[in-house]
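The lines below spell out each chain.
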Amino acid sequence: MRYTAITARRGLLRVSAIAAMLSLAMPARVQAQGPAWWTARGAVIGGGVPQDYAPLVLGQLKWMATNACDELEASLDDGAGAAVWQLVRGFSNVSSNWCVVNVGQLKYVAKPFYDRLIEVGYATNYPWTTGTTNDDRDYAIANIGQMKNLFSFAPHLTDELDADGDGYINSYEYVHGTDPQNPNSVPAPTMVVTNGVTTIQAAIDASTADYDIIMVSTGTFSGVGNRDIRFNGKKIMLVSAQGYSNTIIRVNGTNATGFLFTSAEGPESVISGFTITNAWKYNGVGAGLYCSNASPTISRCLVRYCKAYWGGGIGCSDNANPAIRDCIVQNNSDSYGSVAGDHGGGGGIACLRGSAPVIDNCFVSTNTATWYGAGVFCSTNSNPQVRNSTLIGNTNGYWGGAGLCSVYSSPLLTNSLFMFNRAHSGGGGIEIIGGSATVFRCQFLVNNAGSGGGGVACGGATLLQDCILQGNTADYGGGCVADYQSVLRDCRILDNAATNYDGDGGGVYVNVWATDVRLDNCDLSGNTANYGGGAIYVDGTATVWNCSISNNTAMNGGGVHTGTGSGQSTFGSLTISNCTLAANHATNNGGAIYLLGNSLGKAVSVNVQRSVIRDNIADAGGGAIFFTISTRTGTLSVATSFIAKNEAAGGGAVDVSNGYVQVLSSTVLDNSGYGVYAHASTIGPSVLVRNSIIWQNTAGSLLITNYLSTNVQYSCIQGGYPGTNNIASD
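In this text, all values refer to a predicted model and were calculated from it rather than measured experimentally. (Residues numbered from 1 in each chain as written. Predicted model: local features only at pLDDT ≥ 70, side-chain atom pairs only at ≥ 80, totals over all residues. Heavy atoms only, no water.)

### Notes on the packing of aromatic side chains
Logical step 1: In the structure shown here, the tally under the stated rule is 26 aromatic pairs.
Logical step 2: For the pair Tyr114 and Trp128, a centre-to-centre distance of 6.1 Å together with 75 degrees between the ring planes defines the contact as edge-to-face. Placement of Tyr114 in helix α5 (residues 103–119) and of Trp128 in the loop between α5 and α6 (144–150) is noted, with a sequence separation of 14 residues between them. Like Tyr114, the residue Trp128 is buried in the burial classification.
Logical step 3: Here Lys281 stacks its cationic end above the ring of Tyr290, 4.3 Å away from the centre of that ring. (Phe/Tyr/Trp six-rings, centres within 6.5 Å; stacked < 30°, edge-to-face > 60°. Helix = DSSP H or I, 4+ residues; strand = E, 2+ residues; numbered from the N terminus. Buried < 20%, exposed > 50% of the residue type's maximum accessible area, 1.4 Å probe, protein only. Lys NZ or Arg CZ within 6 Å of the ring centre and 35° of its normal.)

What follows is the structure, encoded as structure tokens:
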């Protein structure tokens, strides 16, 4: 069959609007009320008139798919899966949400969901024909009932590996005849290791059958046979008798490891319930546990006081994909290599050379790294998933990403907390260097970076969605540094600070390499910067859409500041659309927005459209907007916007020096100073005011000096102004 890609990607409309679209009854072939997650997540609101045969539009499909992704992430042990996340993260805020969807597009969106359901055994096939194209109607218009039919799944697989949460994965319970749904029904061990009688390695070597369960008694195990432990590819479970606090593997060896998984072990090679400590692997990977080309299950373990060049606690290398579940990884560190100038990373966990561990419900704390990623480090196309975990109090001695550092990899982070982490360089919480990252519903609280990105330093094509960045500090970019094509969507960026004496971007710093950074539907409030941009500082190219920017403070640009690329011709353009900028404060110029043009002659383009700018204060000029550029090559365009009740000690609400300025279809009302104040040092650029209202500003409506061309037309100007079809009456 043929699948037709959706060319217009996701742009969530207001929740209420989407919900209203979906206030429809179920089609006859779908259960009467639909799965419970529809209502719980607000995907469908019942009680409306049935409209299942109504055409399906793009916004409805994206809203349903986004909620379905959340449901699979919560219901399946390994989450929604990379393909589903990749689909959803590609959705963008565009104006095509009302475009009608065809059947091929609907199947294209549903396919990765069914691929995941088939993978976990919930479904066996797609709910459409795949063996022939003769019956395809991919270009026919899809209806709402068809979408609801495809998304009516409810897997309820809370844990694929261990359904009852008793520590024994399901396959072992089936083989041993116990109930995998009953936590009180646990299998008996095949053999028991008693401290001082036999070693753990000897028991493993003695195992001859798949699904053997080897139980290790309480005590501290050390010495030969109780370190460098290998499963040798066996499908067995090694479990402690009374949990990690009572069964301790003390490695006590130089260049020794607790456990090594290097024989293609899979998820049914299990270690559960041990403390692994005091391992030191001077010039290698993974002192506590090491996985290479293996994917075991590591659960309910405490790994601490271990040290290795990469991955002091746990090291994963060469396509290793272990499941690390319900573990504590604490007080581990990396080490310098034997070659002068070498440096390691991943004090807690390192993922190298194509590894993709799943780190689920873990506590990664107080680990240290001399260079990269004190908590978690990943590099060289490694794609770990960090889910439902806490990364707290990790510290980097030199480089960045104290909580997590990713270098040319693509981690997926969901429902996790990054708190009290500190990086010497960038990214107190996380740092993404090259590659990309997908970050959903994570919190970055009270992290610190010595340079940029107290909470997050994101490069590549990083997406942060539904995240909270609060109370983070850095020299610049207190909450976040955003590079290249990073997107922040539906995030709350609160109470962060750029603390250096010339610190910029209390909330977000858009770096010089940014080519298309977007902030969509975000709340930026209470952020501070010692110099520019209390909420946002832009040094590259950025779009700010549907954001609330309020109660932020800086010397220049209480809300937003554009830069000059540290003296380079790097600032591209800034678009502020559908935003509210309110109650921001500049102790110098630009209560809401400060626009600094480039001194090297590059044309600067700043567009403010369909926005409200109100109640901002500048202690000097530009209560709402201050725009200064020495080369007269920049343009400020204000369109379809409302600018009111802003205060400045001098100048006007819109205060422009030497730049081109356009005020189109806007209202400038009840501000202190002039409504628009444009002044040039020599005869220079032009001013255009069209279809606008400029009224009741304390110093007057317009003051324009030394501008080559002033064109005011079709506008209501208090006090009047020469031009085409202007009026001067209320």
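And the narrative resumes.
### Re the pairing of strand β6 (residues 247–254)
For a regular strand, side chains alternate in direction, first toward one face of the sheet and then toward the other.
Logical step 1: Summarising the sheet, strand β3 (residues 219–221) and β6 pair through 3 bridges and their orientation is parallel. In the sheet register, Phe221 faces β6, and the bridge partner there is Ile249.
Logical step 2: The pairing of β6 with strand β9 (residues 275–285) spans 5 bridges and is classified as parallel. Across the sheet, the residue bridging to Thr254 is Trp280, located in β9. (Pairing = 2+ DSSP bridges.)

### A short note on the confidence of the model for the protein chain
Any segment with low pLDDT has predicted coordinates that should not be analysed in fine detail.
Logical step 1: Looking at the protein chain as a whole, the pLDDT averages 87, with 89% of positions reaching at least 70.
Logical step 2: Of the regions scoring below 50 in pLDDT, residues 1–32 engages in 115 contacts with residues more than four places distant in sequence or in other chains.
Logical step 3: In this model residues 565–569 is a low-confidence stretch, pLDDT under 50, and it forms 10 contacts with partners more than four residues away in sequence or in other chains. (pLDDT = per-residue confidence, 0-100. Contact = heavy atoms within 4.5 Å.)

### A few points about the side chain of Asn646
Logical step 1: The topology assignment puts Asn646 in the loop between β60 (642–644) and β61 (647–650).
Logical step 2: A distance of 3.3 Å separates a polar atom in the side chain of Asn646 from the backbone nitrogen of Asp615.
Logical step 3: Residues within four places of Asn646 in sequence aside, it is in contact with Ile613, Arg614, Asp615, Asn616, Gly623, Ala624, Asp670, Asn671 and Ser672. (Polar contact = N/O pair within 3.5 Å; in protein donor to acceptor, adjacent residues only side chain to side chain.)

### Brief notes about the pattern of salt bridges
Logical step 1: Counting across every chain of the model gives 13 salt bridges.
Logical step 2: Between Arg116 and Glu119 there is a salt bridge, and its shortest N-O distance comes to 3.3 Å. One end of the pair is Arg116 and the other is Glu119, both in helix α5 and 3 residues apart, which spans about a single turn.
Logical step 3: The shortest N-O distance in the salt bridge between Lys235 and Glu268 comes to 3.6 Å. Highlighted residues: Lys235 in the loop between β4 (229–230) and β5 (237–240) and Glu268 in the loop between β7 (259–261) and β8 (270–272), separated in sequence by 33 residues.
Logical step 4: Note on Glu268: relative accessible area 22%, which makes it partly exposed. (Salt bridge = Lys/Arg side-chain N within 4 Å of Asp/Glu carboxyl O.)

### Let's talk about the packing of helix α3 (residues 58–75) against helix α4 (residues 82–89)
Two quantities define a packed helix pair, namely the angle between the helix axes and the distance between the axes.
Logical step 1: Between α3 and α4, the shortest axis-to-axis distance is 10 Å and the interhelical angle comes to 150 degrees. The angle between the axes of α3 and α4 places the two elements in the roughly antiparallel class. By crossing handedness, the relation of α3 to α4 is classed as left-handed. The segment α3 lies against α4, with Ala65, Thr66, Cys69, Asp70 and Glu73 engaging Val84, Trp85 and Val88.
Logical step 2: For the contact of α3 with α4, the residue count by class is 5 nonpolar, 1 polar and 2 charged. (Axes fitted to C-alpha atoms, helices over the stretch in contact; angles between N-to-C directions. Parallel < 35°, antiparallel > 145°, perpendicular 65-115°, else oblique. Left-handed = near helix turned anticlockwise from the far one by under 90°. Nonpolar A, V, L, I, M, F, W, Y, C, P; charged D, E, K, R; others polar.)

### A few points about the nonpolar core
Logical step 1: Among the nonpolar cores identified, the biggest contains 112 residues, and Phe259, Leu488, Leu524, Ile593 and Leu636 are the most heavily contacted of them.
Logical step 2: In terms of residues, this core owes the most to one element, strand β65 (residues 674–690), which gives 5 residues. (Core = buried A, V, L, I, M, F, W, Y, C linked by side-chain atoms within 4.5 Å.)

### What to know about the environment of Thr462
Logical step 1: When you line up the elements, Thr462 lands in the loop between β34 (456–458) and β35 (463–465).
Logical step 2: Owing to a relative accessible area of 0%, Thr462 belongs among the buried residues under this scheme.
Logical step 3: Thr462 sits 22 residues away from Tyr484 along the chain, and the two C-alpha atoms are 8.7 Å apart.
Logical step 4: Contact partners of Thr462, with chain neighbours within four places excluded, come to Arg89, Ile432, Ser436, Ala437, Gln485, Ser486 and Val487.
Logical step 5: A polar contact is formed between the side chain of Thr462 and the backbone oxygen of Gly459, at a distance of 2.6 Å.

### Some thoughts on the state of the cysteines
Logical step 1: This model, assessed by the stated rule, comprises 0 disulfides.
Logical step 2: Unpaired in this structure, Cys442 has its nearest cysteine sulfur neighbour in Cys467, at a distance of 5.2 Å.
Logical step 3: A relative accessible area of 1% places Cys442 in the buried class.
Logical step 4: Unpaired in terms of disulfides, Cys480 finds its nearest cysteine sulfur in Cys458, a separation of 3.8 Å. (Disulfide = S-S within 2.5 Å.)

### Side note on α5
Logical step 1: Under the 1.5 Å per step criterion, the end-to-end length of α5 is 24 Å for 17 residues, consistent within 8% with the ideal 24 Å.
Logical step 2: Most of α5 is tucked away: 12 of the 17 residues are buried.
Logical step 3: Listed as buried for α5 are Val103, Gly104, Gln105, Leu106, Lys107, Val109, Ala110, Pro112, Phe113, Tyr114, Arg116 and Leu117.
Logical step 4: At its buried positions, α5 is contacted by α3, α4 and α6.
Logical step 5: Capping the start of α5, Asn102 holds a side-chain oxygen 3.2 Å from the backbone nitrogen of Gly104, two or three residues further along.
Logical step 6: Remark: Gly121 follows α5 within two positions and exhibits a positive phi of approximately 90 degrees. (Expected span 1.5 Å × (residues − 1).)

### With respect to the pairing of strand β54 (residues 593–596)
Logical step 1: Judged from the 3 bridges that link them, strand β50 (residues 560–562) and β54 form a sheet pairing that is parallel. Considered in β54, the bridge of His561 is made with Tyr594.
Logical step 2: In this sheet, strand β58 (residues 625–628) lies alongside β54 in parallel orientation, the contact comprising 4 bridges. Note that in β58 the partner of Ile593 across the bridge is Ile625.

### Some remarks on the side chain of Asn421
Logical step 1: Within the secondary structure layout, Asn421 lies in the loop between β28 (417–419) and β29 (422–423).
Logical step 2: The exposure class assigned to Asn421 is buried, which follows from its relative accessible area of 1%.
Logical step 3: Ignoring any residue separated from it by four or fewer positions in sequence, one finds Asn421 in contact with Leu391, Ile392, Gly393, Asn394, Ala402, Gly403, Gly428, Val446, Asn447 and Asn448.

### Thoughts on unusual backbone geometry
Trans is the prevailing form of peptide bonds, just as negative phi is the prevailing case for residues other than glycine.
Logical step 1: Unusually for a residue other than glycine, Asp490 sits at a positive phi of about 55 degrees.
Logical step 2: With respect to the helices and strands, Asp490 occurs in the loop between β39 (487–489) and β40 (492–494).
Logical step 3: Taking relative accessible area as the criterion, Asp490 reaches 18% and is therefore assigned buried.
Logical step 4: At Arg610, a residue that is not glycine, the phi angle is positive and equals roughly 50 degrees.
Logical step 5: Among the secondary structure elements, Arg610 is positioned in the loop between β55 (605–609) and β56 (612–614).

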